[in-house]
Amino acid sequence: MRRLLPVTEETAARGTADATDREWGLDELAEAYAYPVAAPGARPRPWLRANMVSTLDGAAQHDGRSQPISHPADMRVFGTLRGLADVVIVGAETVRQEGYRPARAREAFAARREAAGQGPAPAVAVVSAGLDLDFSLPLFTSPLVPTLLLTGAAAPPDRVAAAEKAGARVVIAGDGPGVEPARAVRALAALGHTRLLTEGGPRLLGQLVAAGVLDELCLTVSPMLTAGDAQRIAGGPGVAVPERFELVSLLEEEGFLFSRYRRR
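Residues numbered from 1 in each chain as written. Predicted model: local features only at pLDDT ≥ 70, side-chain atom pairs only at ≥ 80, totals over all residues. Heavy atoms only, no water.

Student: Please clarify how the overall build of the protein chain should be interpreted in this entry.
Tutor: A tally of helices and strands in the protein chain yields 9 helices and 10 strands. Reported as C-alpha extents along the three principal axes, the dimensions of the protein chain are approximately 55 × 50 × 35 Å. Across the protein chain, every contact between residues at least 6 apart in sequence was considered, and the portion connecting residues at least 24 apart equals 70%. Approximately 13000 Å² of the protein chain is accessible, and the part contributed by carbon and sulfur atoms is 54%. (Helix = DSSP H or I, 4+ residues; strand = E, 2+ residues; numbered from the N terminus. Contact = heavy atoms within 4.5 Å. Areas by Shrake-Rupley, 256 points an atom, 1.4 Å probe, with all protein chains shown as cover.)

Put into structure tokens, the structure is as follows:
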């Protein structure tokens, strides 16, 4: 992996803009992808970043899954972003398609998480209006920290009861059946989760973009072409005016680009 753009002024000043291909250590990646630090005495505000992968022709999946267009370096970044997050937000359909499991504790991030006042692993927060989920899956039966379910006040009471019986924590983030993105961010922050990471899918990311709550996009560009009618990384209704983000870092390995964009 090599850096194509400095990640921060600090890392550039230390001379870490390495042009040699090599496997970066997890500490290096953790520093490169660190969340913004609040000013002394200031209360940290929620920071929502997304981590997605796309082919050259815009496909976010192949045969319904993102793994076929990924790369080992992409998985290192994936693991790093999880290792830094308080909570991973994911849509119910992605949970079903990707076979989501609980986030696991990783020794490489243990000291960093403890110093930041975090638990051993991030919680997983599933966004679902109808709570049509299999509560016998490991995501609900054996998480290191209880799985959260973000839903609306009109969610089916029997499904809410089933979720709570399975050990999940139901968080109401909408007055109707669905979830309001800004309210979901506030609800998670109220639980102490300010370092937020979403892994999609495209429908959920589209909702977050449309609501204007996304602060950062970590996008892996896969040097593959798939054609077909696969979804883009964000779907649903478009925004009235495109919002400009700025590129803050760019890494490369074997033709895969690992970009990081922030709201301007």
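There's plenty left to go through after this.
Student: Would you mind showing me how to read unusual backbone geometry here?
Tutor: The phi angle of most residues is negative, glycine excepted, and most peptide bonds adopt the trans form. Here the amide bond leading from G200 into G201 is cis, since omega sits at 5°, within 30 degrees of zero. Tracing the sequence through the fold places G201 in the loop between β7 (195-198) and α9 (202-211). In the Ramachandran plot, A227 falls in the positive-phi region, its phi being about 55° despite a non-glycine side chain. By the secondary structure assignment, A227 is in the loop between β8 (216-222) and β9 (245-253). Judged by relative accessible area, A227 falls into the exposed class, the value being 54%. Its identity is not glycine, yet E254 carries a phi of approximately 50°, on the positive side. Along the chain, the position of E254 falls in the loop between β9 and β10 (256-263). (Buried < 20%, exposed > 50% of the residue type's maximum accessible area, 1.4 Å probe, protein only.)

Student: Honestly, the environment of P143 in this entry has me stumped. Any pointers?
Tutor: Looking at the secondary structure, you find P143 in the loop between α6 (138-141) and β5 (148-151). Looking at P143, the relative accessible area reads 22%, which means it is partly exposed. C-alpha separation for the pair P143 and V124, spaced 19 residues apart in sequence, amounts to 8.8 Å. Setting aside residues up to four positions removed in sequence, P143 forms contacts with P102 and P138.

Student: Please explain the packing of aromatic side chains as it appears in this structure.
Tutor: In the structure shown here, the tally under the stated rule is 1 aromatic pair. Note on F135 and F140: the rings are 5.0 Å apart at their centroids and 85° apart in plane angle, and the pair reads as edge-to-face. Classification of F135 as buried rests on a relative accessible area of 10%. We note R49 situated over the ring of Y35; from NZ or CZ to the ring centre the distance is 4.1 Å. (Phe/Tyr/Trp six-rings, centres within 6.5 Å; stacked < 30°, edge-to-face > 60°. Lys NZ or Arg CZ within 6 Å of the ring centre and 35° of its normal.)

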